[in-house]
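So the chains spell out like this:
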Amino acid sequence: ATGTATITATSGSASTTATTTVSQVASSVTLSPTSLSFTSVGDTATFVPTVKDAGGTTISGATVTWATLNSSVATVSSAGLVTAIADGTAMITATSGSASRTATAAVTCSVDTDSDRLYDCVETNTGTYVSTSDTGTDPNDSDSDDDAISDGDEVLGTLGGLDLPLLGASPVIPTILIEHDWFDDGGHSHKPTVAQLDMVTASFAAQGVQIIHDYGQGAPFDGGNFISDADGDVDGFGTDYYAYKLANFDANRSGYFHYNLLPHQYNGGSSSGLAEINGDDLITATHTFYTNDLAVAGTIQHELGHNLNLRHGGNVNTNRKPNYNSVMSYNYQFYGVDDDCTPQENGVLDYSHGVNPSLDEENLNETLGICGGAPGWDWNQDGDALDVGLIADINRDWNPLPSPPVVGDGDLEILFDYDDWSNLSYTGITDFDGAVAGSREAELAICQAFPDNLFGTN
Ligand SMILES: [Ca+2]
Ligand SMILES: [Ca+2]
Ligand SMILES: [Ca+2]
Ligand SMILES: [Ca+2]
Ligand SMILES: [Zn+2]
Ligand SMILES: [Zn+2]
C-alpha cells in the first residue's frame, strides 16, 4: 500500500537504517456497469469506476477523469454521470494515471415499436402531453386514447397535411372532429350557432371527450361553410349530398372528420336527421326549429351518436325506453334527458350512463319508478303509483301525458338501460366515403319527425 516504511538491519552491535517509500500506481480501470443503454433522450445513469494497481489491489480515492468521444450522443460529467443526448452510440472513457477504460453508452431513439411515427423515446406514457419530445403516449399502442386517430397523426399532423395539433387534437384525450356545412333558405340560415355547438362540446367534455367543431369560425377552422342550394332540401345520402361533400370538404379530412350537413330538410320530409351508424356522414335537418338551441344541440348530438355507433335504444333499436336516459331516445332528443327519475325530460344534454335498472313490461312494480326506488311512476295511469305485477307497454312518449293512455311499440319485453358513454365507437371516421352511389357499407338511421310545438311547422 501507499506509505513510508523504515527498515532497520542489525548485525551484532552494528545496525543501519534506511527508509523506503511505496506509492501505488494505477494499472487498470474497470467500470460498473460495463455499458449503458438509454431509450429516452435526457435520461441519465452513472458509471462507477474501480482503479487497481499492478498487484490487483484497489486504489481507493484514485483520481479519475472522464471524456466522451461522441458528445452529440451522450455527455459525461466529472463524476461519471452520463446523459443521453440523441440517437447513436457514444464511447465514454475513464482515465486514471496511465490506465484507462472505454465503455459504450447507446442511445436508441430511432425505435418505433408501435409504428405510429413517434419514437419510443418520446412516447413517455405519462398520459399527459407536454411536447413532441414528451408526448405522454404509450410506446406500445399506436392509438393511446382509442379514438381511431393514431398518436403520430395527433402529435405531428397527418401524412396528408391535416394539421391536427393546430386544430387542438390531443393524443391522450379521445378526440372527435366534425365539420358543419349549412344551407340558407327562405330568409333564414341553418348555420349552427356557437351556443348550440358549445352545448354539445360541454356534454362530451364532461365525460372526458374532446369535440372539435369546424363551422368556419376562422383559421385554422376554415372548413365549415354556407352551401348555396336552390330549395334547402338535400337528397339524403344521395348524389347531391356527396357532390356537396366533394366540393366543400377537404380530401385530407376524410378518415378524420365527421361531415354534418345542415339543410332545411331532406328528401322533402319532416325527419330531423339521417346518419350512418358507426360512420362519418350525418344530416341535421333543423327545419323551423333552428333557433331552438336545445333541440338543435340535441339533434346534432343524436345524429353524431349514430355515427358513434349508438341506436335509438343504445345497442338496440327499441325506442323511447323510459329507463334509457339518452338524447338517442326520441323522448329526449329535442328536450334533453331526465334528471329526476321520471320518464319526462328535463333539458339535460347527455347520453345514457347505463345506471338504471331494467323494466320488465310483463312484471312492473310502480313503486320502483325508473331509478329502482322513489319516486314511483304510474305506468298504467290509474291515478296511483302502487301497482305491482303490472303488465304495460311503456316505451312510448310520456310528455305530455295522453288521455286515454297511448300504448308503446306493441311488444312486451324487458327494457334495458345502456351505457352509451362507455361504448362509443370512434371507428366510424374510417368508413368508406360513399361518394359513389350504392358503395357505402354503413347502416343508416332515419330519425324522428320534428314536432310541431318546436317553433311552428315547415
Ligand atoms: Ca411509437
Ligand atoms: Ca388517438
Ligand atoms: Ca385524441
Ligand atoms: Ca314495449
Ligand atoms: Zn330553412
Ligand atoms: Zn336517430
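Look a little higher up for the structure.
Notes on the structure follow. What you see is a predicted model; the values in this text were computed from it and never measured. (Residues numbered from 1 in each chain as written. Chains lettered and ligands numbered in written order. Predicted model: local features only at pLDDT ≥ 70, side-chain atom pairs only at ≥ 80, totals over all residues. Heavy atoms only, no water.)

When its secondary structure is counted, the protein shows five helices and 25 strands. Expected size for 458 residues packed as a compact globule is a radius of gyration near 23 Å; at 36 Å, the protein overshoots this value by more than 25%. Projecting the C-alpha coordinates of the protein onto the three principal axes gives extents of approximately 140 × 55 × 35 Å. Evaluated residue by residue, the protein yields a buried proportion of 47% over its 458 residues. Here the contacts in the protein between residues at least 6 apart in sequence split such that 58% fall between residues at least 24 apart. For the protein, the computed accessible surface area is about 19,900 Å², with 52% contributed by carbon and sulfur atoms. Of note, the protein has its 11 positive side-chain charges centred 8 Å away from the centre of its 63 negative side-chain charges. (Helix = DSSP H or I, 4+ residues; strand = E, 2+ residues; numbered from the N terminus. Rg over C-alpha atoms; globule rule 2.2 N^0.38 Å. Buried < 20%, exposed > 50% of the residue type's maximum accessible area, 1.4 Å probe, protein only. Contact = heavy atoms within 4.5 Å. Areas by Shrake-Rupley, 256 points an atom, 1.4 Å probe, with all protein chains shown as cover. Lys, Arg positive; Asp, Glu negative; His and termini not counted. Charge placed at Lys NZ, Arg CZ, Asp CG, Glu CD.)

That bond from Ala-219 to Pro-220 is cis: its omega, 5°, falls within 30 degrees of zero. Following the sequence through the fold, Pro-220 ends up in the loop between β14 (210-214) and β15 (226-227). In this model, Gln-381 sits at a positive phi of 50°, which is unusual for a non-glycine residue. Along the chain, the position of Gln-381 falls in the loop between β22 (364-365) and β23 (388-390). Exposure remark for Gln-381: the relative accessible area of 25% places this residue in the partly exposed category.

With that settled, the discussion passes to empty space enclosed by the protein. According to the stated counting rule, one finds one cavity of 30 Å³ or more in the structure shown. Of the pockets and cavities examined, the largest cavity occupies roughly 50 Å³. Residue lining of the largest cavity: Asp-147, Ile-149, Thr-175, Ile-176, Leu-177, Tyr-256, His-258, Leu-308, Tyr-426 and Ile-429, and that is the complete set. (1 Å grid on protein atoms, 1.4 Å probe; cavity = no way out; pocket = protein on both sides within 12 Å on 5 of 7 lines; lining within 4 Å. Points joined across faces, edges and corners; volume = space filled by probe spheres on them.)

Okay, the nonpolar core next. One finds Ile-176, Phe-204, Leu-304, Tyr-351 and Leu-424 to be the most contacted residues of the largest nonpolar core, which totals 33 residues. Those elements that place two or more of their residues in this core are β12 (175-185), α3 (194-205) and α5 (293-307). For Leu-424, the contacting residues outside a window of four places in its chain are Phe-204, Leu-308, Leu-310 and Tyr-351. Judged by nonpolar contacts, the second largest core, of 25 residues, contains Ile-149, Phe-183, Tyr-242 and Phe-257. (Core = buried A, V, L, I, M, F, W, Y, C linked by side-chain atoms within 4.5 Å.)

In this section: the sheet that holds strand β8 (residues 74-76). Strand order across the open sheet formed by three strands is β5-β9-β8, with antiparallel pairing between neighbours. Edge strands, defined here as strands with exactly one partner in the open sheet, are β5 (44-46) and β8. Between one strand and the next, the sheet's axes are offset by a mean angle of 20°, whatever the strand orientation. Strand direction decides the pairing type here: β5 and strand β9 (residues 81-84), joined by three bridges, are antiparallel. Bridge pairing in β9 links Thr-46 to Leu-81. (Pairing = 2+ DSSP bridges. Axes fitted to C-alpha atoms, helices over the stretch in contact; angles between N-to-C directions.)

Attention now goes to the coordination of the calcium ion (ligand 2). Around the calcium ion (ligand 2), the protein contributes the donor atoms Asp-143 (OD), Asp-145 (OD), Asp-147 (OD), Ile-149 (O) and Glu-154 (OE), at 2.2 to 2.3 Å from the metal centre. Spacing between the donor residues of the calcium ion (ligand 2) along their common chain follows D-x1-D-x1-D-x1-I-x4-E. A separation of 4.2 Å is found between the calcium ion (ligand 2) and the calcium ion (ligand 3), which share Asp-145 as a coordinating residue. For Ile-149, a relative accessible area of 1% translates into the label buried. (Donors = N, O, S within 2.8 Å, 3.2 Å for Na, K, Ca; no water.)

Here we take up the layout of surface pockets. Each pocket or cavity is described by its volume, and for the largest pocket that value is around 190 Å³. Lining the largest pocket are 13 residues; nearest its centre among them are Arg-320, Tyr-335, Asp-397, Asn-399 and Pro-451. A class-by-class count of the residues in the lining of the largest pocket yields six nonpolar, four polar and three charged. (Nonpolar A, V, L, I, M, F, W, Y, C, P; charged D, E, K, R; others polar.)

To continue, consider the coordination of the calcium ion (ligand 4). The coordination sphere of the calcium ion (ligand 4), as far as protein atoms go, consists of Glu-361 (OE), Glu-361 (OE), Asp-393 (OD), Asn-395 (OD1), Asp-409 (OD) and Asp-411 (O), spread over 2.1 to 2.6 Å. For the calcium ion (ligand 4), the six donor atoms in the first shell make angles of 52 to 166° at the metal, a pattern classed as irregular. For the calcium ion (ligand 4), the single-chain donor residues occur in sequence as E-x31-D-x1-N-x13-D-x1-D. Placement of the pair is Glu-361 in the loop between β21 (359-360) and β22 and Asp-411 in the loop between β23 and β24 (414-415), with a sequence separation of 50 residues. Of the residues examined, Asp-411 reaches a relative accessible area of 43% and is grouped as partly exposed. (Tetrahedral: all angles 85-135°; square planar, octahedral: opposite > 155°, others 65-115°.)

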